[in-house]
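Listed below, chain by chain, are the residues.
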Amino acid sequence: MLLGCCRFPLTSYVFANTRCRDKSRSGLSRKAATRQIHANNGEYNNNEKKVVIVGSGWAGLGAAYHLCNQGFDVTVLGDGYDFGDPDDVGIHGFWYPYKNIFSLVDELGMKPFTNWLQSAQYSKEGLEVEFPVLQDRPQLPAPLGTLFYTQFNRLPLADRLTSVPLMAAVIDFDNTDMAWRKYDSVTTRELLKQSGFSERLYQDVFGSLLQVGLCAPLEQCSAAAALGMLQFMAISHQGDLDMVWCRGSVKERIFNPWIELMSSKGCQFVDSKKVIDFSFDEETGCISDVVCDNETYKADAVILAVGISTVQELTKNSAALNTREEFLKVLNLAASDLVSTKLWLDKKIKIPFARNVCSSFDDSSGWTFFNLNELFDEHRNSPVTIVQADFVSIML
Ligand SMILES: Cc1cc2nc3c(=O)[nH]c(=O)nc-3n(C[C@H](O)[C@H](O)[C@H](O)COP(=O)(O)OP(=O)(O)OC[C@H]3O[C@@H](n4cnc5c(N)ncnc54)[C@H](O)[C@@H]3O)c2cc1C
């Protein structure tokens, strides 16, 4: 994030989330006749730079925590859900590479997670793949461990071997600008076709794994994004695919105590403040205020820790943003919808794995389901079966 000098142009936005949830964002252009001016922390302190963070998900809270620890005067604005999603959708599964989150919960003395989980992959024919906890197996050079220990139940060896050229591309992709230029011009689907991926491997296994990881149809998604994700979340180190799950609501187990700690250090959390616009200082060309419905917050810097569709809506409705090239470019981006469902089945059903990925049973995208009786402490002894299923939808 771009912070560290007295005044910043409004370019330090955080786009950690390209998946959007459909919450009403109406009334963005409404401006009240009178506005109160907040000094954020009572007295204005020249030594502390004021940072206003819009959004209170992982990106907003993570930024607030680091800035607050560095002595910035931080105000986090939430949009009315009491700092946390009421439906608690979003990150529940935490992959082995999420080192920052694991060290955070250790630092805060929390124990919110399950043990490492085995998982499974289903096609319409049945159980295709079993993923053991890879870090528990004897270590092999990456990516051999992931390929060797993963158990394919139905897929013939000949189909599995067609993935080898893709592994070469994953190793070739070193996340440099040059690598992005090389692979960004083709879609993930094209890359798989060019690599000679067998149709069966794609349809029954790999396609859905990539779709649920990228939250996008592979025909529309950059091959560079897919290779980057595979490197980070799958095969750089044996164990990258391993995951733990939050043993209950993330808001209750992590966000609330975290916010309490930050508040005790002087960080301000102001809920029900839907940001609608920004003011610029004419002389410096830098942001000076964040405008909510009927209030204005002074700022030396602003972090937009919200999804793409919120930034697009803000840009369209904001006189300050809709002339700036960097924000107009955001209007070209696509976001995808996810549908998250929770099912209560009226009897106990044995589900072999707590965490499961499924390929589509029709022409739609991949989906996942999770056995919450296994994962959530509060559902462990429930007489009914509680399953969460998340479906990746089309890009808008
Ligand atoms: C169903 C589902 C399941 C997922 N599962 C996983 C998973 O298992 N593992 C994983 O790693 N990732 C998962 N993800 C992705 C993950 O949720 C996101 O990557 C992550 O939440 C992004 O965090 P964020 O802070 O950037 O954005 P968000 O969590 O979206 O937070 C943005 C916040 O800004 C607020 N806001 C929006 N507009 C305004 C405004 N105008 N003013 C003030 N506040 C505003 C929103 O209410 C929200 O609280 C999942 C996503 C979904 C939808």
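Before reading further, recall that the structure is shown in the block above.
Starting from 1, residues in each chain are numbered consecutively following that chain's sequence as written. The model is predicted, so local features are restricted to residues of pLDDT at least 70 and side-chain atom pairs to those at 80 or more, both for listing and for counting; the totals for chains, interfaces and linings are taken over all residues.

A. Spatial organisation of the overall build of the protein chain. Secondary structure follows DSSP: runs of H or I at least 4 residues long count as helices, runs of E at least 2 residues long count as strands, and numbering of each begins at the N terminus. Scanning the protein chain for helices and strands turns up 13 helices and 18 strands. Per-residue burial over the protein chain gives 32% buried out of 396 residues. Around each residue's C-beta, the other C-beta atoms within 10 Å are counted; 20 or more make the residue buried, 12 or fewer make it exposed, and counts in between make it partly exposed. All C-beta atoms are placed from the backbone.

B. Structural detail: the nonpolar core. As used throughout, a nonpolar core is a set of buried Ala, Val, Leu, Ile, Met, Phe, Trp, Tyr and Cys residues joined through C-beta atoms within 7 Å of each other. Formed by 51 residues in total, the largest nonpolar core has its most connected members in Ile 53, Val 54, Ala 64 and Val 302. Per-element tally for this core: the top contributor is helix α1 (residues 58–69), with eight residues. If you look at the next biggest cluster of nonpolar residues, it comprises 27 residues, including Val 205, Cys 215, Leu 227 and Val 392.

C. Looking closely at the pairing of strand β14 (residues 301–304). Burial along β14 is two-sided: the residues Ala 301 and Ile 303 and Val 302 and Leu 304 are all buried. Of the strand pairs in this sheet, strand β3 (residues 50–54) and β14 are connected by four bridges, and their pairing is parallel. For Val 52, the partnering residue across the bridge sits in β14 and is Val 302. For two strands to count as paired, DSSP must find a minimum of two bridges between them.

D. View of the sheet that holds β3. Here four strands make up an open sheet; going across it, the order is β10-β4-β3-β14 and the pairing parallel. Single-partner strands in this sheet number two, and they are β10 (268–270) and β14. Strand-to-strand twist in this sheet, taken as the mean axis angle between neighbours without regard to direction, amounts to 20°. Lying over the sheet, α1 contacts β3, β4 (73–77) and β14, oriented at roughly 165° with respect to β4. Axis definition: a line fitted to C-alpha atoms, over the contacting stretch in the case of helices. Angles run 0 to 180 degrees between N-to-C directions. What counts as a contact is two residues whose backbone-derived C-beta atoms lie within 7 Å of each other.

E. Up close: α1. In this model, α1 (12 residues) spans 16 Å end to end at C-alpha, consistent with the 16 Å of a helix rising 1.5 Å per residue. Taken across its 12 residues, α1 has nine buried, putting it largely inside the fold. Every buried residue of α1 is accounted for by Trp 58, Ala 59, Gly 60, Leu 61, Ala 63, Ala 64, Tyr 65, Leu 67 and Cys 68. Buried residues along α1 sit in contact with β3, β4, α10 (250–264) and β14. Helix span, as expected, comes to 1.5 Å for every residue beyond the first.

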